Structures are given as C-alpha cells and as structure tokens.
Amino acid sequence: MSIKYIDRMFQPRSVAVIGASDKPQRIGTRVLANLLQAHAAQGGSGRSIWPLNPRHQSLQGLPCYARLSALPAVPELAILCTPPNSIPDLIAELGTRGTRAAIVMTAGLEQIRYGGRSVQQAMLAAARRHQVRILGPGSVGLQTPSLGLNASFTHIAASPGKLAFVSQSGALGTAMLDWASLHGIGFSRFLTMGEMADVDFGDLLDYLAADSATEAILLCIEQVSCARKFMSAGRLAARGKPVIVLKVGRDSAPGADLVFDAAIRRAGMLRVDSIEDLFDAVETLARQRPQRGERLAVLSNGVGLGLMAADALAAGGAQLAPLSPESQRLLKRIGAAQSNPVALLADVPVEHYQVAVEALLQEAQADALLFLHAPTAMVDSQQIATAIAPLLQAASKNVLSCWLGGSAMAAARQVFAEAGLPSYDTPEKAVHGFLQIAQYRRNQELLMEVPAQLPATSAPQRAAAQALVAAAQASGQSMLDDDALRRLLATYDIPLATPQQAALAGSTLAAARIEIATDAVFGPVLYFGQGGLAAEVAADRAAGLPPLNMVLARDMVSRTRVARLLQQTQTAADADALCRMLVQVAEMVADLPQLAALDLNPLLLLEGRLVALAAQIRLAAPRSARALAIRPYPQELEQQLEWGGGMITLRPIRPEDAPQHQVFFAALEPDDVRLRFFTAMRELPPGQLARLTQIDYDRAMAFIATRTGAGGVAETLGVVRAIADADNQSAEFAIIIRSDLKGQRLGYILFQKLVDYFRSHGTAQIVGEALAENLGVQKLVRHFGGSVLPHPEAGLVRLQLPLR
C-alpha cells in the first residue's frame, strides 16, 4: 500500500491536459474547460494549466503545446485523453521528465494488445519504472472543490464540503454529483477510479484517513482488488472517521455478499443499500452522540405515526424502550399515553410537548429518542419546534426527528436544522437512521472490545498438525480419511464423535454447523449457522474472516437463528464452547495453508461436551501467505531468552493482553507515564487500551517482554511499538519499561527486536519524538547509531535511526 504522490493528484500546482481539443464531444475539451472554470472561480492564480495537442496553437485562450518537451516546466499532474496505444510511451516520457501523478481517462486498455502484452500492462511497467501513480484507466477524473480543481469531464462541478466520495463507476459518480448538487451536499474530494490498475481503494483510504479536510469517507464499490490492503486501510480509517460503503452489484457467487458484509463489519465501516442511504448515514453519524444500547423511545402526535415507527423498528431487529414508573407518572400528568410509543393528543399545548420530551430524555431505559410530528391545525409546528429544540440539542442521547408533511412543516424543519438536529422525511427513514447508528456502534465496538483469553488447554498443537497434513499429502490424500481427520481435529481440541456417540445423538444443543471455504476476493472465510438436515434449506448462516477471537466469534453466532435457540435452551458455558470452537477452527485456517475446505456438521452437545457428529477436510496446494484478508498473529516472531536470572518471552502483543497491559500501566511511575505519553494519565481509557493491544500486524508492530509472575499469571515487563507509514519509509516508535525494571538493559533488548523486524521489512528509518528531558530514550537511539535532532516545537527532540 502506498500514498506516495497521491497528494499531487488532489492538489497539483501544474496540470497538463494531453489530448486537449476544441471539438465539443471530445473528453479533452470538457476536461480543459472544467479545469479553467474551476480555476477562475478560485481567482485564477496558483496553478498552471497547459493543454497539449500538436494540431493547435491555442485552446480556450491558452497557449497549446505540441509535445511534452515544449512545456514551460514539468507538470505535477498529467491528464491523458489520447488513443490507447499512445498511453505507455506518454507515461514513460512523463516519468522520465519527473511527473509523478497521472489520470488516464482512456478506457479499455487491458483488451488492446501492445507488443506482446496489453496496453495496460505496458503502461504499468512504465509507471513503476518511474514511480508514476496512475488513477484509471477509464477514470472520469477527480475534483478538490476547495482548491478550485476540477480535473474531470463531468458536466457538474462539486461544491466544497467535508465529505470524500470515491466511486469505481464513472456513471454512478456523475449521478451522485447531480443528486448532491440538488440536495446542497459538498465534497472535500470527489473522484472516480475506473479500472484501478494502480491506485485502488486501499491507497485512497490511507490518504483520506489522514486528510484533515475530510470528516467522512463515502465509497461506492463494485469490487475489491486487494483484500488485505483494503481491510488494513479500512480499519485504520474507520478508527478516525466514519467510512460508509455502498456495494454496487451483488456477487452471484454463493455466500459472496455475506463475506463482503462481514469484511465491512470487521473493518468498523458501515454498509448501506442506496445512494440516499449513503447521505442519510453521513448526516446521522456526523451528529451522533455516544449510545449505550438499541432501545428507542418514540414520541408522536398521533397513534398511527408511532405504530409506523414501531413496525420499522421491529423489522430492523431493534426494540422499543420500556418506560419506568417515573416516566409513566410524568406522562400521565399531561394526559399522554403511558406506553411506548407515546402519543400526544392533537390539541395539547406546546408545554405538554416539553414535559413529554424531558420525561423521555430522562428515561434511563431509553438509549435514544425519536420525535414524530404530522401537521395539525390546533398547534403551530414551528412553535413546537422552537420550544423543544433547545431540550433536544442539550440532550446527552441521540435524538432523531420526522416532521411529516410538505410546505406546512418547512419552518419547523428549519428550526431543527439550525439546531443541528437530524430530520428525516418519513418515520421509516428516521428509524432507519437509528438502526444505522446501532449497526455502526456494533461495528466500532468490534474494533475496540477486548476479547477474553482462551484457556491454556485450548492451545493448538501446531507442529503436530502440520506434520499430519504433510504426511496426508505425501500419501496422496486430498480428502482426509477418518483416522487422519480425527487426529488433526484433536490437535485443535475439536472432538469428533465416536461411532457409539453418533448412534446416541440425542443432543440438548440445537444442531449447528461450521464451514471453511475460499472466497474469490477475501480468501479463506468461516461460515456458522444451522446444521443437520435443515442446513441446506434454512439459509441461516453468518460469515467471518479469520483470525477470530471470542468477541468476534460471539458476534458471528449472534447473527444467526442458532443464537436465539442457544439463549432459550443452553447455558452460557455451552455458548462459550461453541465460540471457542469457532476460534480454534479459525486458528487452524491461519496455521495450515494447505487447508482448502472444512465442514463440521452438525455440532452437538453430547455427554456434556461439544462435538462434531461428522466432519470433512479437503487439502490442496499451500495458499499464499497473503491469502488471508487479515494478517493473523505472527507466531513465528515469538522468542525466549534469559534475562534477570530467568526466562522471558519477547512476542508481538495480542488483543487478549489488554488486562495484563492495564496492570503494567498501573505499575508505572507518574513521571515515566509523562515521558512516554507527554501528559499525566492515571489509567488507560478503554479506547486507548484497545488501540494499544489490537494492532494491525500488516502496518504496525508492538513487542512485549513477558514472564510468568506470582500465581502463574503472565506479567508484562516492557513494550516497544512502531507504526509504519503507508509508503514504508518511516516507522514511528515508542518504548516504555516497567519502572522497577529500568536500568537492566531490557529496553535495549526490546528495541533490538523492533529494529531487526522493521529492517527485515525494508523500512527506511525508525523515527520518534521525545521530551527533551527524556535522556534515556535519546541514549538508546544513539546507542543503535541514530541521531537526536532539534524539533520545531520547544521542549521536544526528534529521534531518527536509518535502517537501510
């Protein structure tokens, strides 16, 4: 993944339009006109625009150049609107001259031959030789409205705003511009990607995640080209700002849409189903407040409105909030219904609306409030809006509204808009907004929640499993025989029923099923759902991407009807056993690259233990190490060594380390905390604890030193971490050792581990910042051959260690 030179696409100081024209139907004509019009609207200074066409002396009032060598300077951005066979040579010449960003609007390059390969392959070879980043081919272009840049051939100019919009489809992008223009929606960045030969969704997510001009990212996706890059960049971006995804064109392959949905959930993004939902979600999430649960209170001025909302809520799987006796008492006092939805009579005074709103905002069992109002001749809607808007604006919980009607409700809607309160056209849309908040909250929690540690008895016997697979393949097995199957499953503590148990298959657990299959885009995937004879007709299954932990496994189970059966008939221990088995199967996928397919069907509770009644495993040639969409825990980096008179383990941090990390933090002296975090902290907030222990091993690494302490409990002794930038040029590090262990060279041991790791990954340098008084970390960096440099901010120093 790389964002190198992408900034030159969005904010170039000079642009060359190669293939500019004066013919009305030519792309080059429209591109040049759009560039000039947007540039003029910003005052007409700060950017050079150079048309190229050997047939013209001038175009649209500008000098026109016959060739690249005639340009006054090297263009930072080149836009290519020329015939396909001209593209590779133009990219090569641009690269030779120093241009590093190009938009290729010419389409269909993969289908045209060029010297024994496709035009697209020749273009990419030239681009890589000279480090030229390419948007396209087949791109409609991009816009940065705030900078007066319209490098596209759309017929509509985007307005400035805080939303970044990225679409593969040019037609959809143009339609989106038209829709946004009609609704007064603006953009920080707007682009269509075309065929994604080079710049893809992963690159743009990385760029937009760090873009201060962008507050939310909207993606219209037809297909994902590199799943691991997409997931890594998506998880990073979603931690900082809302990322909302519209999938265009559902894949007909079995389970493909389930897998895409699972990927979006896992990355903390939100999936929507229409263009309108895309923008509704932006408004909803931009104004959302912290929300604990999914119980909604509904207040309306008509029973029918409330029932419409209740039906939509039930269809979405959420619930109405119960009302406490205190809320019922307050509502009874004004003659309102004392059950949820709460309906007020049409002729009640404005003061009654205030009382009802205050009662429902104070209701502890309600996580959000929906206010619905239809026109009435008895009470002016604008007066109601003016009276309750301050209450809703000051509320600590989410508030949604619907002023149902046309022009009669315009003034009330305006009052709410000025108060920053989200408003929707219908009760169903308002409920959908609430459901979007709920789903987004769940997806974000999957990024932040700390998983439970698996019992030590569940640890896989990896070496034995790998030996069994190797032996099976050496003997020519692709489908494992019963003996090999039973022994392989046992290495991951997955029991297969004996013939005697199978004959007595009277279970107390509704039959479940776990499968492993391979998705064409996201690689190995787990499915969980209804098992037994009903499995093929029940259509009850959820997908998940390995690796899993207990939190993610519980989320998978919760998305099936099996979960409801478990709640009705089984204990929490039974549910945990099922989740542990999912985690173990996911570990098997990560550990055994030869594992092509697995089916455990059904899973039953027999004699107090969860077992697979039947199983199948198919082996194949080892898959690529990058086939998994999410890099699993790098077991191979674990290392044991002697230190301090005993053995310690150096290993990558895991999400399950969060509890012992909190204990480690509590053992630090206040001054050590200040030197590490540049501020005083008494404890790690849950969100920060999650970010420190749940890392993306593809772009970051954190090594901990750990040993077994009193009572056999693992304890963290120190941690060193670094996060690489998207171009792998720099990795920014931090290090801290438990206060009572300083001065024993543990920091040097950990830092050496980090240096060796990033050097092996080709990272150019390790960098950092430190307080000027932190002499210990400065001494550490100098010891490894690094430098301590001045920092532009007083009281700080820069740390730099070259690795290449």
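Structure first, text after, so check above.
Quick notes on the rules
- Residue indices follow the written sequence of each chain, beginning from 1 at its first position.
- The model is predicted, so local features are restricted to residues of pLDDT at least 70 and side-chain atom pairs to those at 80 or more, both for listing and for counting; the totals for chains, interfaces and linings are taken over all residues.
- Each side-chain value is worked out from all heavy atoms of the structure, with water and hydrogens disregarded.
- Helix and strand definitions follow DSSP, with helices as H or I runs of at least four residues and strands as E runs of at least two, each counted in order from the N terminus.
- Atoms counted for the radius of gyration: C-alpha only. Globule rule: 2.2 Å times the number of residues to the power 0.38.
- Each residue is assigned to one of three classes by its accessible area relative to the maximum for its type, calculated with a 1.4 Å probe on protein chains only: buried under 20%, partly exposed between the two thresholds, exposed over 50%.
- Here a residue-residue contact requires only that any non-hydrogen atoms of the pair lie within 4.5 Å.
- For the accessible areas, the method is Shrake-Rupley and the probe is 1.4 Å, while residue cover comes only from the protein chains on display.
- Asp and Glu count as negative and Lys and Arg as positive, but His and the ends of the chain are not part of the count.
- A charge is said to be at NZ when it belongs to Lys, at CZ for Arg, at CG for Asp and at CD for Glu.
- Strands are treated as partners if at least two bridges between them are detected by DSSP.
- Looking down the strands as they point away from you, a crossover is right-handed if its path from the first strand over the helix to the second goes clockwise.
- Note on aromatic pairs: the rings of Phe, Tyr and Trp (six-membered ring only in Trp) are paired at centre separations within 6.5 Å, and the planes decide the class, stacked below 30 degrees, edge-to-face beyond 60, tilted for the rest.
- Here, a charge over a ring is recorded when the distance from Lys NZ or Arg CZ to the ring centre is within 6 Å and its angle to the ring normal is within 35 degrees.
- Axis angles are defined between N-to-C directions and span 0 to 180 degrees, where every axis is a line fitted to C-alpha atoms and, for a helix, only to the segment in contact.
- Note on terminology: angles under 35 degrees are roughly parallel, angles over 145 are roughly antiparallel, angles of 65 to 115 are roughly perpendicular, and the others are oblique.
- A crossing counts as left-handed when the near helix is turned anticlockwise from the far one by less than a right angle, and as right-handed when that turn is clockwise.
- Put simply, Ala, Val, Leu, Ile, Met, Phe, Trp, Tyr, Cys and Pro go in the nonpolar bin, Asp, Glu, Lys and Arg in the charged bin, and everything else, Gly too, in the polar bin.
- The length a helix should cover is 1.5 Å for every residue beyond the first.
- In protein, a polar contact means a hydrogen-donor-capable atom and an acceptor-capable atom, both N or O and within 3.5 Å, with residues adjacent in sequence counting only if both atoms are side-chain atoms; elsewhere, any N or O pair within 3.5 Å suffices.

(A) The overall build of the protein chain, seen in detail. Tallying secondary structure elements over the protein chain gives 27 helices and 36 strands in all. Rg of the C-alpha trace for the protein chain: 30 Å, near the compact-globule value of 28 Å for 804 residues, within the 12% margin. If one aligns the C-alpha atoms of the protein chain with their principal axes, the spans along those axes are about 90 × 80 × 60 Å. For the protein chain, the residues scored as buried account for 57% of the 804 residues in total. Of all intrachain contacts in the protein chain linking residues separated by at least 6 positions in sequence, the fraction that spans at least 24 positions is 71%. Total accessible area computed for the protein chain in this model is approximately 33,600 Å², and 52% of it derives from carbon and sulfur atoms. In the protein chain, which carries 73 positive and 72 negative side-chain charges, the distance between the mean positions of the two groups comes to 6 Å.

(B) Representation of the pairing of strand S2 (residues 48-52) within the structure. Most of S2 sits inside the fold, with 4 of its 5 residues counted as buried. With 5 bridges connecting them, strand S1 (residues 14-18) and S2 associate as parallel partners. Residue pairing across strands places Ser14 opposite Ser48, the latter belonging to S2. On the question of chirality, the crossover connecting S1 to the parallel S2 by way of helix H2 (residues 27-41) is right-handed.

(C) Examining the packing of aromatic side chains more closely. The tally for this structure, following the rule as stated, stands at 17 aromatic pairs. Through pairs of rings, three or more aromatic residues link up here, namely Phe165, Trp179, Phe187, Phe190 and Phe279. Above the ring of Tyr633, the side-chain terminus of Arg654 is found at 5.2 Å from the ring centroid. Above the plane of the ring of Phe677 lies Arg676, whose end atom (NZ or CZ) is 4.3 Å from the centre.

(D) Spatial organisation of the sheet that holds strand S30 (residues 646-652). Spatially, the 8 strands line up as an open sheet ordered S29-S30-S31-S32-S33-S34-S36-S35, and their pairing is mixed. Single-partner strands in this sheet number two, and they are strand S29 (639-643) and strand S35 (787-790). Geometrically, the sheet is characterised by an average inter-axis angle of 30° between neighbouring strands, direction not taken into account. Strands in contact with helix H27 (residues 775-783) are strand S33 (730-737), strand S34 (765-771), S35 and strand S36 (796-802); relative to S36, the strand with the most contacts, it is inclined by about 20°.

(E) The packing of helix H20 (residues 550-558) against helix H22 (residues 572-591), seen in detail. Two numbers describe how H20 lies on H22: the axes approach to 9 Å, and their chain directions differ by 110°. The orientation of H20 with respect to H22, classified from their angle, is roughly perpendicular. Two packed elements cross with a definite hand, and for H20 against H22 that hand is right-handed. Side by side, H20 and H22 meet where Met550, Ala553, Arg554, Met556 and Val557 of the first sit next to Asp576, Cys579, Arg580, Leu582 and Val583 of the second. Per-class residue counts for the contact of H20 with H22 are 7 nonpolar, no polar and 3 charged.

(F) Fine view of the sheet that holds S1. Reading across from one edge, S2-S1-S5-S6-S9 is the order of the 5 strands in this open sheet, with parallel pairing throughout. What marks the edges here is a single partner per strand, and that holds for S2 and strand S9 (133-135). Strand after strand, the sheet turns through a mean of 20° between neighbouring axes, direction not considered. Examined bridge by bridge, strand S6 (residues 101-104) and S9 share 3 bridges and lie parallel to one another. Following the sheet pairing, Ala101 is matched in S9 by Arg133.

(G) How the structure looks around helix H5 (residues 170-182). For H5, with 13 residues, the first-to-last C-alpha span of 19 Å sits near the 18 Å given by 1.5 Å per residue. Buried residues in H5 make contact with strand S10 (141-144), strand S12 (160-167), strand S13 (187-192), strand S14 (216-221) and helix H9 (275-286). Between a side-chain oxygen at the N-terminus of H5 and the backbone nitrogen of Ala171 the separation is 3.4 Å; the capping residue is Ser169.

(H) Highlighting unusual backbone geometry. Look at the link from Gly136 to Pro137: it is a cis peptide, with omega at 0°. Mapped onto the fold, Pro137 is located in the loop between S9 and S10. In this chain, Asn601 is followed by Pro602 through a cis amide linkage whose omega measures -5°. Mapped onto the fold, Pro602 is located in strand S26 (residues 595-606). A positive phi is found at Tyr5, a non-glycine position, where the angle reads about 70°. Within the secondary structure, Tyr5 sits in the segment before helix H1 (7-10). The backbone of Gln60 shows a phi angle near 50°, a positive value even though the residue is not glycine. Turning to its location among the elements, Gln60 is positioned in the loop between strand S3 (58-59) and strand S4 (62-63).

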